[in-house]
Amino acid sequence: MEGFAAALISLAGGRIRYPEAGGRAHNVTDRPGSAHWGAPMGDLTPAADTSGVVEWIHQALVEEYNVRSLVPEVFEDYARIFHPAMDVDQRPVSWAAVARWSGRVMHSRAQWDPIANPVDPELPPPFTEEPESGSLPRAQAKRLAEILQPYTERPERCWFAVWDGSDFRRDWARGPRFTLPLGRELILLSGSLEAVTTSMNNSPEDIFHQSPYAWWPDCRSWYIATDIDLMVTHIGGSRACIDAILTDPTLEAWRVPSTSPVTFDSDDQNPLP
């Protein structure tokens, strides 16, 4: 599966989305059952078995270089969340802001290398750190979990998959493993929805945060995947669920079809450097 890793070269970054890119702010606390979380509440534990938990994912993924190779093609709608870059003061910088600086076009298939390739190379960039590859930043993961809670039947019962090639916590090594069609070997964990802010990495929380490779509720109402080679996160869910994500001002998200490509050359509006 080395070809897959090569094909998934940096898909994109961008920090907090500007209001004009996503519409009005959506206040999740206005809906029943919503909650605000501070520090991680709850923990993750190795699942007892993968039986009855991952079969539906295997059946619905396809071996192609597009969204449906990462998120099961069983949902009404899909979105792509662009991980933010960072400026010198560690403030998030959206892809839209980078596109305004570079003179490029921000769109749903944007990729980082074309977006960060300025028309005028003399202009100083608005960022000092590129978006994270393979990990949804904790702030975005926390906000996403808040938005998803009303669309989750039992928030206390969710599943998390950590990539077996990462520096995961040693006590998780006994967890059951499963391999997705494109060759990602994962360890299955269980926990509550808010546990997504728990780092998958063995390092101290304040040094490096690693988000899950994938996470989904037991009710299967949505599914989120952050491939290790991508600067974006993909999610499938109902139209209402995706709309809530798209209208949130703290997430730079775009609606995409399940056939939207995820390869390094899939940006059809900006040239590669």
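Of regular secondary structure, the protein possesses seven helices and 11 strands. Counting every position in the protein, which comprises 273 residues, the buried fraction comes to 56%. Intrachain contacts of the protein at a sequence separation of at least 6 include 76% that bridge at least 24 residues. Looking at the protein as shown, the accessible area adds up to about 11200 Å², and 51% of this sits on carbon and sulfur atoms.

For the rest of this paragraph, the subject is the packing of aromatic side chains. What the rule picks out here adds up to nine aromatic pairs. Ring geometry for Trp56 against Tyr223: centres 6.0 Å apart, planes inclined by 90°, an arrangement best described as edge-to-face. Of this pair, Trp56 sits in helix 3 (residues 55-60) while Tyr223 sits in strand 9 (residues 223-225), placing them 167 residues apart in sequence. Between Trp112 and Phe127, the aromatic rings sit 5.0 Å apart at their centres with planes inclined by 70°, giving edge-to-face as the arrangement. Here Trp112 is found in helix 5 (residues 112-115), whereas its partner Phe127 is found in the loop between helix 5 and helix 6 (138-148), with 15 residues between them in sequence. Members of the aromatic cluster, each reached through a chain of ring pairs, are Trp56, Phe75, Tyr78, Trp216 and Tyr223.

What follows is about the nonpolar core. Core analysis: the largest hydrophobic core is formed by 42 residues, its most contacted members being Trp216 and Tyr223. Considering each element in turn, this core owes the most residues, six residues, to helix 4 (residues 95-102). Counting residues in hydrophobic clusters, the runner-up holds 31 residues, among them Val162, Leu189, Ile235 and Ala253.

Quick look at the state of the cysteines now. Applying the stated criterion to the full structure yields zero disulfides. Cysteine Cys158 is unpaired, with the sulfur of Cys219 as its nearest cysteine sulfur at 7.4 Å. Under the relative-accessibility criterion, Cys158 is labelled buried at 2%.

All right, on to the pairing of strand 5 (residues 158-163) then. Burial runs high along strand 5: five of the six residues are buried. With six bridges connecting them, strand 5 and strand 7 (residues 185-191) associate as antiparallel partners. Along strand 7, the bridge assignment pairs Val162 with Ile187. Relative to strand 8 (residues 214-217), strand 5 is paired through four bridges, and the arrangement is antiparallel. Looking at strand 8, one finds that Ala161 is bridged to Ala214.

Attention now goes to helix 4. With respect to burial, helix 4 is a largely interior element, seven of its eight residues being buried. Where helix 4 is buried, its residues touch strand 2 (77-82), strand 4 (92-93) and helix 5.

Packed helix pairs are characterised by how far apart their axes lie and by the angle those axes make with each other. Contact pair helix 6 / helix 7 (residues 239-246): the axes reach a minimum separation of 10 Å and the direction vectors enclose 140°. In terms of orientation, helix 6 lies oblique with respect to helix 7. The two elements helix 6 and helix 7 cross, and the hand of that crossing is right-handed. Contacts between helix 6 and helix 7 involve Leu144, Ile147 and Leu148 on the former and, on the latter, Cys241, Ala244 and Ile245. In terms of residue class, the contact of helix 6 with helix 7 is made up of six nonpolar, no polar and no charged.

Here we take up the environment of Ser221. Relative to the helices and strands, Ser221 resides in the loop between strand 8 and strand 9. For the pair formed by Ser221 and Val74, sequence separation is 147 residues and the distance between their alpha carbons is 9.7 Å. Not counting chain neighbours up to four residues away, the residues in contact with Ser221 comprise Phe75, Tyr151, Thr152, Gly236, Gly237 and Ser238. Engagement of the side chain of Ser221 in a polar contact is seen with the backbone oxygen of Tyr151, the distance being 2.6 Å.

Taken as a whole and assessed by the stated rule, the structure comprises 18 salt bridges. Across the pair Asp89 and Arg91 runs a salt bridge, and its minimum N-O distance is 3.4 Å. Owing to a relative accessible area of 51%, Asp89 belongs among the exposed residues under this scheme. The partner of Glu146 in a salt bridge is Arg143, and the shortest N-O contact between them spans 3.0 Å. Of the two residues, Glu146 and Arg143 both sit in helix 6, three residues apart, roughly one turn of that helix. Across this residue pair, the class does not change: Glu146 and Arg143 are buried. Counted as one network, the salt bridges with shared partners bring together Asp77, Arg239, Asp243 and Arg255.

Reading the values: the criteria
- Residues numbered from 1 in each chain as written.
- Predicted model: local features only at pLDDT ≥ 70, side-chain atom pairs only at ≥ 80, totals over all residues.
- Heavy atoms only, no water.
- Helix = DSSP H or I, 4+ residues; strand = E, 2+ residues; numbered from the N terminus.
- Buried < 20%, exposed > 50% of the residue type's maximum accessible area, 1.4 Å probe, protein only.
- Contact = heavy atoms within 4.5 Å.
- Areas by Shrake-Rupley, 256 points an atom, 1.4 Å probe, with all protein chains shown as cover.
- Phe/Tyr/Trp six-rings, centres within 6.5 Å; stacked < 30°, edge-to-face > 60°.
- Core = buried A, V, L, I, M, F, W, Y, C linked by side-chain atoms within 4.5 Å.
- Disulfide = S-S within 2.5 Å.
- Pairing = 2+ DSSP bridges.
- Axes fitted to C-alpha atoms, helices over the stretch in contact; angles between N-to-C directions.
- Parallel < 35°, antiparallel > 145°, perpendicular 65-115°, else oblique.
- Left-handed = near helix turned anticlockwise from the far one by under 90°.
- Nonpolar A, V, L, I, M, F, W, Y, C, P; charged D, E, K, R; others polar.
- Polar contact = N/O pair within 3.5 Å; in protein donor to acceptor, adjacent residues only side chain to side chain.
- Salt bridge = Lys/Arg side-chain N within 4 Å of Asp/Glu carboxyl O.

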